[in-house]
Amino acid sequence: MFAFHESLARVDLAFTDRHGGESTGPWSALNLAAGNGDDPDTVERNLHLAVQALGGDPRRTHLARQVHGRDVHVVNGDAAPAVPPPEADAMVTAEPGAVLVVRVADCVPIVLADDRAGVVGVVHAGRLGVVADVATAAVDAMRSLGAGDVRGWIGPRACERCYEVPEDMRAAVAQEVPPTWSTTSWDTPALDLAAGVASQLEASGVLVHDLADDLHVCTIEGEDDYFSYRRQGERSGRLGALVHVRG
Ligand SMILES: [Zn+2]
């Protein structure tokens, strides 16, 4: 169910793996997004299972339609989640009980939390999101809600030794965000998107914990545990990053 799960004084956060859901085939088993051919009702049940495992209320689960942009959706009050979900690649809230979820397959999932202030956020950062610096936009939005000391967790994603890109793409991204420059294990141009977001978060004063420091969390290499767009293509399942301030 969870590749990583941590409970702080007021905040629960987690990154899912592919185990413990009801999907079959390429989406087996805990696929958290529809639109890739999986059955929407099954995806909905999988989301419920993941949110309940976090200790959250499935009816208060906020999703976003992710578009590789810089917009941050702020969840205010205890209103029901918007249908259809807002276009955003980050969500933040100070509302106890509101569960925030972003979905990824190879892109970088980030959870942000100021446990003391009770302000949290989630971010989906792919190549375009790193260039747009959506991570910093999310931190800024949290500070507007009263966050001070923000911690950041970077979850399972394509690693810097696998995420191959054309030479000109590596050059263009690394010109904007230098720590992203990387090389594959087979010696071709690559991007280290996690290093990019870590540098952006640290520049905003965020204390960063990258799961890759402790676990092997490459989505491309980890077929048994993770979904991967690069490995599975259009029918790839989606992993989730979840957070809430306990209600
Ligand atoms: Zn890898």
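Just so it is clear, the structure is predicted and the values come from calculations on it, not from any experiment.

So, how was this worked out
- Residues numbered from 1 in each chain as written.
- Predicted model: local features only at pLDDT ≥ 70, side-chain atom pairs only at ≥ 80, totals over all residues.
- Heavy atoms only, no water.
- Helix = DSSP H or I, 4+ residues; strand = E, 2+ residues; numbered from the N terminus.
- Rg over C-alpha atoms; globule rule 2.2 N^0.38 Å.
- Buried < 20%, exposed > 50% of the residue type's maximum accessible area, 1.4 Å probe, protein only.
- Pairing = 2+ DSSP bridges.
- Donors = N, O, S within 2.8 Å, 3.2 Å for Na, K, Ca; no water.
- Tetrahedral: all angles 85-135°; square planar, octahedral: opposite > 155°, others 65-115°.
- Contact = heavy atoms within 4.5 Å.
- Core = buried A, V, L, I, M, F, W, Y, C linked by side-chain atoms within 4.5 Å.
- Salt bridge = Lys/Arg side-chain N within 4 Å of Asp/Glu carboxyl O.
- Lys, Arg positive; Asp, Glu negative; His and termini not counted.
- Polar contact = N/O pair within 3.5 Å; in protein donor to acceptor, adjacent residues only side chain to side chain.

Undergrad: Quick rundown of the overall build of the chain? Include the residues and the values.
TA: What the chain contains, in helices and strands, is six helices and 13 strands. Its C-alpha atoms give the chain a radius of gyration of 17 Å, near enough to 18 Å, the size a compact globule of 247 residues would have. Each of the three principal axes of the chain carries a C-alpha extent, and together these read 50 × 40 × 30 Å. Counting only residues that meet the buried cut, the chain has 53% of its 247 residues in that class.

Undergrad: Tell me about the pairing of strand E8 (residues 119-125), and name the residues and values.
TA: Of all seven residues in E8, seven are buried, a share of seventy percent or more. Of the two faces of E8, both are covered, the one formed by Val-119, Gly-121, Val-123 and Ala-125 as well as the one formed by Val-120, Val-122 and His-124. Here four bridges tie strand E5 (residues 90-93) to E8, and the two strands are oriented antiparallel to one another. Across the sheet, Ala-90 pairs through a bridge with Val-123, a residue of E8. Across seven bridges, strand E7 (residues 108-114) lies against E8 in antiparallel orientation.

Undergrad: How would you explain the coordination of the zinc ion if you had to name every residue and give the values?
TA: The protein atoms that coordinate the zinc ion are Cys-159 (SG), Cys-162 (SG), Cys-218 (SG) and Glu-221 (OE), at distances spanning 1.9 to 2.3 Å. One way to put it: the four donor atoms around the zinc ion meet at angles of 101 to 116°, and that makes the site tetrahedral. Donor residues for the zinc ion, ordered by position in the chain, follow C-x2-C-x55-C-x2-E.

Undergrad: Residues and numbers for the environment of Phe-2, please.
TA: Inspection of the secondary structure assignment puts Phe-2 in strand E1 (residues 2-7). If we skip the residues at most four places from it in the chain, Phe-2 touches Ala-14, Phe-15, Thr-16, Asp-17, Ala-50, Ala-53 and Leu-54.

Undergrad: Could you give an account of the sheet that holds strand E2 (residues 11-16), with specific residues and numbers?
TA: With respect to topology, five strands assemble into an open sheet ordered E1-E2-E13-E6-E3, the strand pairing being mixed. Looking at the sheet topology across the chains shown, the edges are occupied by E1 and strand E3 (61-62). Note: strand E6 (residues 99-104) against strand E13 (residues 239-245), six bridges, orientation antiparallel. Within the sheet, the bridge partner assigned to Val-99 lies in E13 and is His-244.

Undergrad: Before we move on, could you go through the nonpolar core and cite the residues and values that matter?
TA: Core analysis: the largest hydrophobic core is formed by 34 residues, its most contacted members being Ile-110, Leu-112, Val-123 and Ala-125. Contributions of two or more residues to this core are made by E5, E7, E8, helix H3 (134-144) and helix H5 (193-203). When residues no more than four places from it in sequence are discounted, the contact partners of Ile-110 are Phe-15, Gly-121, Val-122, Val-123, Ala-125, Ala-135, Trp-153, Val-197 and Leu-201. Within the second largest apolar cluster, 28 residues are counted, among which are Ala-113, Tyr-226, Val-243 and Val-245.

Undergrad: Which residues make up the pattern of salt bridges, and what are the values?
TA: Where charged atoms from two side chains of opposite charge come close, those side chains can pair. Counted under the stated rule, the structure contains eight salt bridges. In this structure, the salt-bridge partner of Arg-151 is Glu-6, at a minimum N-O distance of 3.9 Å. Highlighted residues: Arg-151 in strand E9 (residues 151-154) and Glu-6 in strand E1, separated in sequence by 145 residues. A salt bridge links Arg-59 to Asp-57; its shortest N-O distance comes to 3.2 Å. By relative accessible area, Arg-59 is classed as exposed at 68%. The exposure class assigned to Asp-57 is partly exposed, which follows from its relative accessible area of 24%.

Undergrad: Run through the side chain of Asp-17, naming residues and quoting values.
TA: Relative to the helices and strands, Asp-17 resides in the loop between E2 and helix H1 (40-54). For the buried residue Asp-17, which engages in no salt bridge, the nearest side chain bearing the opposite charge is Arg-18, 8.0 Å off. A polar contact is formed between the side chain of Asp-17 and the backbone nitrogen of His-19, at a distance of 3.0 Å. Ignoring any residue separated from it by four or fewer positions in sequence, one finds Asp-17 in contact with Met-1, Phe-2, Ala-3, Leu-30, Asp-225, Tyr-226 and Leu-239.

Undergrad: Run through unusual backbone geometry, naming residues and quoting values.
TA: In this structure, the amide linkage connecting Ser-28 to the following residue, Ala-29, adopts the cis form with an omega of 0°. Relative to the helices and strands, Ala-29 is located in the loop between E2 and H1. The omega torsion of the bond from Val-83 to Pro-84 falls at -5°, within 30 degrees of zero and hence cis. Inspection of the secondary structure puts Pro-84 in the loop between strand E4 (72-75) and E5.

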